[in-house]
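Structure at a glance
The lines below spell out each chain.
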Amino acid sequence: MQQTATPMTFLTPVKPVEAQTWPVDEVLELFDLPFNELMFRAQVVHREHFPDADVELATLLSIKTGGCEEDCGYCPQAARYDTGVDAKKLMGLEEVLEAAKAAKDHGATRFCMGAAWRSPKDRDMEKVEAMVRQVKAMGMETCATLGMLKEDQAQRLKDAGLDYYNHNLDTAPEFYGNVISTREYQDRLDTLGHVRTAGLKVCCGGIVGMGESRRQRAGLIAQLANLNPYPESVPVNHLVQVEGTPLHGLDPLDPLEFVRTIAVARITMPKARVRLSAGRREMGDAVQAMCFMAGANSIFYGDKLLTTGNPDAQDDRVLLGKLGLKTRGVVEQGGCK
Ligand code: SAM
Ligand code: DTB
Ligand code: SF4
């Protein structure tokens, strides 16, 4: 039988992993690959960098819900949109710790506290620092997403034991103005700079399905991949369309395009945990399975995101079981490493 040699280009990632910059055109070339070729390349990179192929479970808690002054066009927590989300005060410490304990008992290794703020007020900082300190003391990784930070605020969170700070670029620079007007792209980059300077790990991603073009999706990924260093965690959110927000009623994104976005994130940020984030409940098992094949290796785990629904934890355990996917840091007895 005649043997056909595998072409080298087939096995070689498009770009050496140590290369730092990704021009948008090169990211777009990845998006434009035949689907199976893109998936194959993403798998090669994923297996090289995550031989255990485990999935990280991060649980979210909205510690301060609604009433936000910003105008992010996707967000149910913006006070100016009539979405049925009532503004609440900052949650008390005990309630946060109870939620963190429940998350840990269910196998989550990271606990992410989210607040509907443009940026935290100094009077809030002490309370959030106490939450971080005590969740950390429970043996969980801590993450917070509180909006824009000043340099000293980032340092205070680091000193309290925060591991990760989540702050998303959300979309490509040239599409950003279609979605948000109350703060600039540069403000986001500045906050990410302060987070890095404080020695915190960066969790930074964006949202797809907001009416952006494929080139703009590539533009978002290029921005993330060109951060130096690129984020340790990259949440890729599928827009959850919420009635009352300006982005409600858009044509839905082709699910395969979402899978492509995950694959391109995996190839361009090989060592990052790429999180299959918001929008999983609407996706179904088959699309989620493709996302894991494309290199997603983290999920938000728990019945709620911040204000919208997430798959039931039990359904997630069943899905991960069906796919034979191990979870990160959970030993057989059910504890955390
Ligand atoms: N207020 C802080 C901020 O904006 O940085 C932290 C919380 S905010 C809700 C965190 C992120 O959630 C946003 O940057 C956005 O990427 C994501 N998000 C919010 N609403 C969403 C939606 N409807 N669908 C998908 N992602 C969403
Ligand atoms: C992120 O990138 N996605 C999460 C987390 N970081 C804070 C938030 C998703 C929010 C989805 C809409 C909601 O539940 O309000
Ligand atoms: Fe406020 Fe954050 Fe929602 Fe924007 S995304 S409206 S800053 S809570």
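Anything mentioned here points back to the structure above.
Per chain, the residues get numbers from 1 upward, laid out in the order the sequence is written. As a convention, the first chain written is A and the first ligand written is 1, with the rest following in written order. Owing to the predicted nature of the model, reporting of local features is limited to residues with pLDDT of at least 70; listing and counting of side-chain atom pairs is limited to 80 or more, with chain, interface and lining totals taken over all residues. Based on all heavy atoms of the structure, the side-chain values leave hydrogens and waters out of the count.

1. Here's the deal with helix α10 (residues 255-268)
Rules: For the purposes of this entry, the term helix denotes a DSSP run of H or I that reaches at least four residues, the term strand denotes a run of E that reaches at least two, and both are numbered from the N terminus. In a helix, the anticipated span is given by 1.5 Å times the number of residues less one. Only protein chains enter the accessibility calculation, which uses a 1.4 Å probe; a residue is then buried when its area is under 20% of its type maximum, exposed when over 50%, and partly exposed in between. Polar contacts here mean pairs of N or O atoms no more than 3.5 Å apart (in protein, one a potential hydrogen donor and the other a potential acceptor; neighbouring residues in sequence count only if both atoms are side-chain atoms).
Spanning 14 residues, α10 covers 20 Å between terminal C-alpha atoms, matching the ideal 20 Å at 1.5 Å per step. In terms of burial, α10 is largely enclosed, as 12 of its 14 residues are buried. Taken together, the buried positions of α10 are E257, F258, V259, R260, T261, I262, A263, V264, A265, R266, I267 and T268. One side-chain oxygen of the residue at the start of α10 lies 2.9 Å from the amide nitrogen of L256, identifying that residue as D254.

2. What to know about the packing of helix α3 (residues 35-49) against helix α11 (residues 284-293)
Counted only if it meets this: Throughout, an axis means a line fitted to C-alpha atoms (over the contacting stretch in the case of helices), and angles, computed between N-to-C directions, take values from 0 to 180 degrees. Oblique is the label for every angle not falling under 35 degrees (roughly parallel), over 145 degrees (roughly antiparallel), or within 65 to 115 degrees (roughly perpendicular). Two residues qualify as a contact provided that any one of their heavy atoms is within 4.5 Å of a heavy atom in the partner residue. Here the nonpolar group is Ala, Val, Leu, Ile, Met, Phe, Trp, Tyr, Cys and Pro; Asp, Glu, Lys and Arg are the charged ones; every other residue, Gly included, is treated as polar.
Contact geometry of α3 with α11 gives a least axis separation of 9 Å together with a crossing angle of 55 degrees. Looking at the two axes, α3 sits oblique to α11. Along its contact with α3, which presents F35, M39, Q43 and H46, the element α11 presents M290, F292 and M293. A class-by-class count of the residues in the contact of α3 with α11 yields 5 nonpolar, 2 polar and no charged.

3. A few points about the pairing of strand β3 (residues 141-145)
Note the threshold: Any two strands between which DSSP finds at least two bridges are classified as paired. Whether a crossover is right-handed comes down to one check: with the strands pointing away from the viewer, does the path from the first strand over the helix to the second run clockwise; if it does, it is right-handed.
Counted residue by residue, β3 has 5 buried out of 5 residues, so it is predominantly covered. Side chains E141, C143 and T145 project from β3 onto one buried face, and the interleaved T142 and A144 project onto a second face that is buried too. Note: strand β2 (residues 110-115) against β3, 5 bridges, orientation parallel. Bridge assignment links R110 to a residue of β3, and that residue is E141. Taking the sense of rotation as the criterion, the β-α-β connection linking β3, helix α6 (residues 151-159) and strand β4 (residues 164-166) turns out right-handed.

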